[in-house]
Amino acid sequence: MKMNKFVVLSVVAAFSLALTACGDDSSDETNSGPSNSIEATLGQSVLNNYADIVYASYSDSLTAAEAMDVAIDALIADPTPDTMNAAREAWLASREPYLQTEVYRFYEGPIDMEPGGPEGLLNAWPMDEAWVDYVRGDGGESQGIINKPDLYPEITADLLESLNEAEKDDNIATGYHAIEFLLWGQDDEDPFVSGAGKRPFTDYIADGSGTASNQTRRAQYLKVVSTMLIGHLTGLKAAWAPNANNYRASFVAQTPTAGVAKIMTGMIVLAGFETGGERVQAALASGGQEDEHSCFSDNTHRDMIQDVQGIQNVFLGTYGAVSGPGIKDLVAANDPALAARIETAIADALSAANRLPIPFDQAIASSNAEGRAIVENLVTQLRVANDALRDAFVFYGFEIPEDTLAFDEGA
Amino acid sequence: MRKRFIFSLIFCFLLGCASDTPEPLVDESQRYPGGDTTNPILLGVNAFIQPVDNLKQEHEEAFYSGNSFFTQAWVMSPASTTDRDGLGPFFNARACSSCHPKDGRGAPPEDEDGDFVALLLRLSVPGEGPHGAPKPHPVYGDQFQPSAIVDLIGEGIPSVQYEEIAGEYDDGTPYSLLKPTYGFKELNYGPIGDDTMISPRIAPQVIGMGLLDAIPTERLQALEDPNDTDGDQISGRLNMVWDDTEQALAPGRFGWKGDASTVRQQVAGAFAGDIGITSPVIPTTHCGENQDECASIEDGGSPEISERFFDFVVVYTSLVAVPYRRNWGDADVESGQAVFHQLGCDGCHTPRHVTGDHALEELSNQVIWPYTDLLLHDMGEGLADGRPVFLANGREWKTPPLWSLGLIPKVNKHSRYLHDGRARNLAEAILWHGGEAEASQKAFKSLSAEKRQQLLRFLESI
C-alpha cells in the first residue's frame, strides 16, 4: 500500500515540477506552457539591440549635456540676454535624448541600482527651490545653499552630493531640474498670465550692478552641477559601452528571459506608474504648478512625449541609427495580435502626448476644462498601453530574477 | 489556471489519503492572497508600489495623487508649494516614504551609532490619556521626535544598545538573538523621567491595508477567546481604540499594538505624529510644556493637508496591492505549509478571511490570505514593552499579517522583522515568540533542520 502511494505521489510530484519548470504563467486562456517561452536566438538579439539603443541614447545625452556646459560657460563669462537664452536653449535640447532613457529605469540597472545609481542626482523631482536659491515670500531672499556662504563656504560636488536627498526625495540640489531652476527661476505665478520662470540674466552679474545676491556663488553652483551631470552621464555611457567589462557585458550575458523581464519592467512601470500615474494623474489632481514636471521652463510636454518615445524605441528596437529586433518581434513570434495591440497602444499614447496643449501648467489648471480633457486623454492612452504591456508580461510569466546583475564599477 | 487547479485537487486528494489532515491545505485562491486585488506581475523591487489589480478608473486620480503625497517630502511653512507645507515643528521624517520606502518596511539602525529614521520611540507616563489612550509625557508627548524645522532644536537623539543572546535548537544547532535596549543619547527639553515608558516601533509595509480594513468586525470578534475557553492556550482579544472620525471606540486593526482603528485613523495619526502635519481628523500637533517656541511656529494652514488630498492619501493607502505567491507548487513550500499548521501558528496567524462590503468596491467580497487574526496576544517577557495602549497591556502585541514578508529583502534590501526589527531573519522572529506562542516556539525548536527550512520556505512564499 505504502509503495503504491509513494509511486503515485512521486509521479505527481514530478508532474508538478515539470509544470513549474515550463514557466509560471497565469494566462491559460490565451496560451499555456512552452509556447510562451522566448526563442533563444531572437531573445539574444533583442538584448544586444537593446544594449545598443541604451548606449546610443546615453551617448547622445552626454553630447547634449556637454553642449549645455559650453553654453553655461558662456553665460557665466558674459551674462547677457543672448547668453542666457542660449543656455536655456541648450538645456531644452539636452532633455530630448535624456527623457528617452527613462525607460531604462526600475530594474536597478546602472541608472538606479542601489546603492550608487545616479537617478536621484540627475532627474529627481519635484524640487524644493528654497534649498538651492532665493524664493519669493517672506524671508525668501536668503534661502538656499547659494545664499548661505556662512553655512556652505565652498560649493563643491561633494557638498552637493551629500545634501542631495539628504532627507529623502524633494530636497533636490543637483541635476537637470536644479540647472533648470538656476536658468529660469520660479514659475509660481498665474500660468495664464506669466508663462515660464523669469529669472533675469542679471542674477549672474557680479560687479555690483546685478540682481539678487551672491551672483558669483550662483555661477559657481551652476557650473558645479553641470559638471556633475556630465560626470554621471559619462558613467552611464561607460556602463553600457560595447566591448568592455561592464554592466552591458553582464546584461547581454544573462538569459533572454531574465533580460527581457527587466526591459519590460522599465516599460510597464514608466507607462503606468511613473508617467501616467505620478506625473500626469497627480498633476491633474492638484492642478498645481509644483506638480508640473519641468515647471520652471514650462517644458513638461516634451518630457511626456520623450518618455513615451523611449518606450516606443525599446518596443520597436529602433533609436537613431540603431535598428534591430525589439520586444515587438519577440511578442509577435508567439502572438502577432498582442504585438499589434501593443504597438497601436504605444503609438496612440505618443499621439496623445503630442496633442498636449503647451504649456502643461495651463493645460492642467482647474479652470481649463478643454486642456484637462486632452491631458485626461493621455492618461487613458497610457493606461491602454500599460495594460497591453502587462498582458505581454504576464504572457511570459515574468518575475524579476532574485539577484539584480552584479556589476563592479571598479572592474 | 484551470489545469493547475485540477492538478492541485488531485495532489491534495492524494495528500489527504496519505495523512490525517482533514481538509486540503493547498487552495488555488492562495496564489492570489489579495483576491482580485492581487498584484499579478510582481516587478522585483517595485513589488509593493502597484495599485490593486482591479483598480477602478474613478479611483485612479486618488491613487496616483495620494501616492505623490506619500512619496514627496513636506516642507516648512511658508513655501510656494502650498499644498505640501506645514512640516513639523517636530518630526521624525519628511515623507511617508522615508520610513516606508517603496511602500515597504523600514530598517532599524544598523548598529549602536546608526540613525533612527524608520524606527521611532513611543512614550507615555503612568495613568490614562484622553479616551483611555496612553498618557503622553508632559514635555515629549507620546512620540519622540528627533528632528525639527529650522529655528528649532529637535527633541534629542534616541539610542539603542544591542546584546546577543545565545540559544540552541533541540538538535544542537546554535542561534543568536539580538536584544535591544532603548534610551536617549541627548534630551533637549529636559530630563525624560524615570517612570516614562518607552516602546520602539518600526515602520511596517503598507500593502493590503484596505483589505484588512474590510474584514467584517463580527469575524474578528468570533476569533476572540480572551479567557481561553477552548483551552488551546491562545487568548486573543480585539484592542478597542479611539476613532477620531466616529468619536467612539472601535476595533484596533492597525499598528503594532492595534492602536489605530481604520486606515483613515492610522494615516491621520502618522501625519500628525511622524511628520507634524495636521489633517481634518487630527487638527493639532503636539507642543509640550517647555517647548515654547514650538507653539509659536507658523503652520501651513488649517489643516495642513487639505481634506481632498487627505482623502486621496487614505484611498491610496487602502489600495496598495499585495503581490501574488512566489514559488507556488514548490514541494518544500507545501511541506512547510503543513509544518505551519502542525506547529499551531495558524492559531493567531489565521490564514484566510473573506472581506465584506467596503466603500472602495475593489476591496469588497474578496477571499484573502493575510495570515493574521488582528487580535492582541501576550507574547511573553522577551518581547514585552511594558507600555499599555488602550486595552493592550505591556506584554501584548497585535498579530501582524505575514503576507509578503518574504519580499521585504527584495523591496527593501533587509530582513528585519518584529515590531522593532530586532529579528534579523524569519527564524529569529519565530524564536522570539513566547507567552501564548510558547508552545509553538518550543515545537519549532524541536523540529529537524529540514522541517525548519521547509517552514521558512513557506513563510517566504506567502
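Residues numbered from 1 in each chain as written. Chains lettered and ligands numbered in written order. Predicted model: local features only at pLDDT ≥ 70, side-chain atom pairs only at ≥ 80, totals over all residues.

1. Observations concerning the overall build of chain B
Along the backbone of chain B there are 13 helices and 13 strands. Compactness check: chain B gives a C-alpha radius of gyration of 22 Å against a globular reference of 23 Å for 462 residues, within 12% of the reference. For chain B, the spread of C-alpha atoms along the three principal axes comes to 75 × 50 × 40 Å. Out of the 462 residues in chain B, the part that is buried amounts to 55%. Counting only contacts in chain B whose residues sit at least 6 apart along the sequence, the fraction spanning at least 24 positions is 66%. (Helix = DSSP H or I, 4+ residues; strand = E, 2+ residues; numbered from the N terminus. Rg over C-alpha atoms; globule rule 2.2 N^0.38 Å. Buried ≥ 20, exposed ≤ 12 C-beta atoms within 10 Å, placed from the backbone. Contact = placed C-beta atoms within 7 Å.)

2. Focus: the overall build of chain A
The secondary structure content of chain A amounts to 15 helices and two strands. In chain A, which comprises 411 residues, the proportion classed as buried is 52%. Put simply, of all contacts in chain A between residues at least 6 apart along the chain, 73% involve residues at least 24 apart.

3. Observations regarding helix H12 (residues 327–334) of chain A
Note on helix geometry: an α-helix contains 3.6 residues per turn, so any two residues three or four positions apart are oriented the same way. Residues and elements named next belong to chain A. Within H12 the residues assigned to the buried category are Ile327, Lys328, Leu330 and Val331. With its buried residues spanning 165° around the axis, H12 presents them on a single face. Buried positions along H12 lie against helix H2 (40–77), helix H10 (256–286), helix H11 (300–316), helix H13 (336–354) and helix H15 (369–395). (Arc of directions from axis to C-beta.)

4. So, unusual backbone geometry
Cis geometry is adopted by the peptide bond preceding Pro359 of chain A, which originates at Ile358 of chain A and carries an omega value of 0°. Mapped onto the elements, Pro359 of chain A comes out in the loop between H13 and helix H14 (360–363). Cis geometry marks the peptide bond from Gly88 of chain B to Pro89 of chain B, where omega comes out at 15°. Of note, Pro89 of chain B is situated in the loop between helix H2 (60–71) and strand S1 (90–91). The backbone of Glu108 of chain A shows a phi angle near 60°, a positive value even though the residue is not glycine. Mapped onto the secondary structure, Glu108 of chain A falls in the loop between helix H3 (81–99) and helix H4 (119–122).

5. Things to note about the nonpolar core
Ranked by internal contacts, the top residues of the largest apolar core, which has 226 residues, are Met264, Met267, Ala349, Leu378 and Leu389 of chain A. Aside from chain neighbours lying at most four places away, what touches Leu389 of chain A is Met264, Met267, Ile268, Ala271 and Ile342 of chain A. (Core = buried A, V, L, I, M, F, W, Y, C linked by C-beta atoms within 7 Å.)

6. Observations concerning the pairing of strand S9 (residues 248–251) of chain B
All names here are of chain B. Taken together, the four bridges between strand S8 (residues 240–243) and S9 define a ladder with antiparallel strand orientation. Note on S9: the bridge partner recorded for Asp243 is Ala248. Between S8 and S9, which pair antiparallel and follow one another directly, the connecting turn spans four residues, one of which, Gln247, has a positive phi of 55°. (Pairing = 2+ DSSP bridges.)

7. A look at the confidence of the model for chain A
Residues and elements named next belong to chain A. When the pLDDT values of chain A are averaged, the result is 83; 83% of them are 70 or greater. Per-residue pLDDT stays below 50 along residues 1–35; that stretch engages in 41 contacts with residues further than four places along the chain or on separate chains. Contacts from residues 400–411, a stretch scored under 50 in pLDDT, to residues over four places away or in other chains number 18 contacts. (pLDDT = per-residue confidence, 0-100.)

8. Quick look at the packing of H12 of chain A against H13 of chain A
For any two helices packed against each other, the geometry comes down to the angle between their axes and how far apart the axes lie. Residue and element names in this part refer to chain A. At their nearest, the axes of H12 and H13 sit 6 Å apart, and the two run at 145° to each other. On H13, the residues that touch Lys328, Val331 and Ala332 of H12 are Pro336, Leu338, Ala339, Ile342 and Glu343. When grouped by side-chain class, the residues that make up the contact of H12 with H13 number six nonpolar, no polar and two charged. (Axes fitted to C-alpha atoms, helices over the stretch in contact; angles between N-to-C directions. Nonpolar A, V, L, I, M, F, W, Y, C, P; charged D, E, K, R; others polar.)

9. Here's the deal with the sheet that holds strand S2 (residues 119–128) of chain B
All names here are of chain B. Strand order in this open sheet of three strands is S3-S2-S7, and the pairing throughout is antiparallel. Among the strands making up the open sheet, the edge pair consists of strand S3 (134–135) and strand S7 (197–202). Two strands pair when backbone bridges link them, and S2 and S3 are joined in this way by two bridges, in the antiparallel orientation. Residue pairing in the sheet places Glu128 in a bridge with Pro134 of S3.

10. Points about the packing of H10 of chain A against H15 of chain A
Residues and elements named next belong to chain A. At a minimum axis separation of 9 Å, H10 and H15 run at an interaxial angle of 160°. When the axis of H10 is compared with that of H15, the two are roughly antiparallel. Taken as a pair, H10 and H15 cross one another with a handedness that is left-handed. Its residues placed into classes, the contact of H10 with H15 shows 14 nonpolar, five polar and four charged. (Parallel < 35°, antiparallel > 145°, perpendicular 65-115°, else oblique. Left-handed = near helix turned anticlockwise from the far one by under 90°.)

11. Some words on the confidence of the model for chain B
Residue and element names in this part refer to chain B. Looking at chain B, pLDDT values average 91 and 94% of them are 70 or higher. In the model, residues 1–21 has pLDDT below 50 throughout and makes 24 contacts with residues more than four positions away in sequence or in other chains. The ipTM value of the predicted complex is 0.77, and its pTM value is 0.84.

12. Focus on the environment of Met264 of chain A
Residues and elements named next belong to chain A. Structurally, Met264 can be placed in helix H10. With 25 C-beta atoms counted inside 10 Å, the residue Met264 sits in the buried group. Separated by 129 residues in the primary sequence, Met264 and Phe393 place their C-alpha atoms 7.0 Å from one another.

13. Things to note about H3 of chain A
Residue and element names in this part refer to chain A. Helix length check: H3 (19 residues) gives 27 Å between terminal C-alpha atoms against 27 Å at 1.5 Å per residue, within 8%. Residues of H3 that are buried include every one of Met84, Ala87, Arg88, Ala90, Trp91, Ser94, Arg95, Pro97, Tyr98 and Leu99, and no others. In this fold, the buried residues of H3 make contact with H2, helix H6 (176–184) and H11. (Expected span 1.5 Å × (residues − 1).)

14. Comments concerning the environment of Gly287 of chain A
All names here are of chain A. Mapped onto the elements of the fold, Gly287 is located in the loop between H10 and H11. Taking C-alpha positions, Gly287 is 5.4 Å from Ser366, a pair spaced 79 residues apart along the chain. Excluding anything up to four places from it in sequence, Gly287 contacts Ile364, Ala365 and Ser366.

15. Examining the environment of Gly197 of chain A
All names here are of chain A. Within the fold, Gly197 resides in the loop between helix H7 (191–194) and helix H8 (215–239). Looking at Gly197, the number of C-beta atoms within 10 Å reads 20, which means it is buried. Other than its neighbours up to four places away in sequence, Gly197 contacts Trp184, Gly185, Gln186, Asp187, Phe296 and Ser297.

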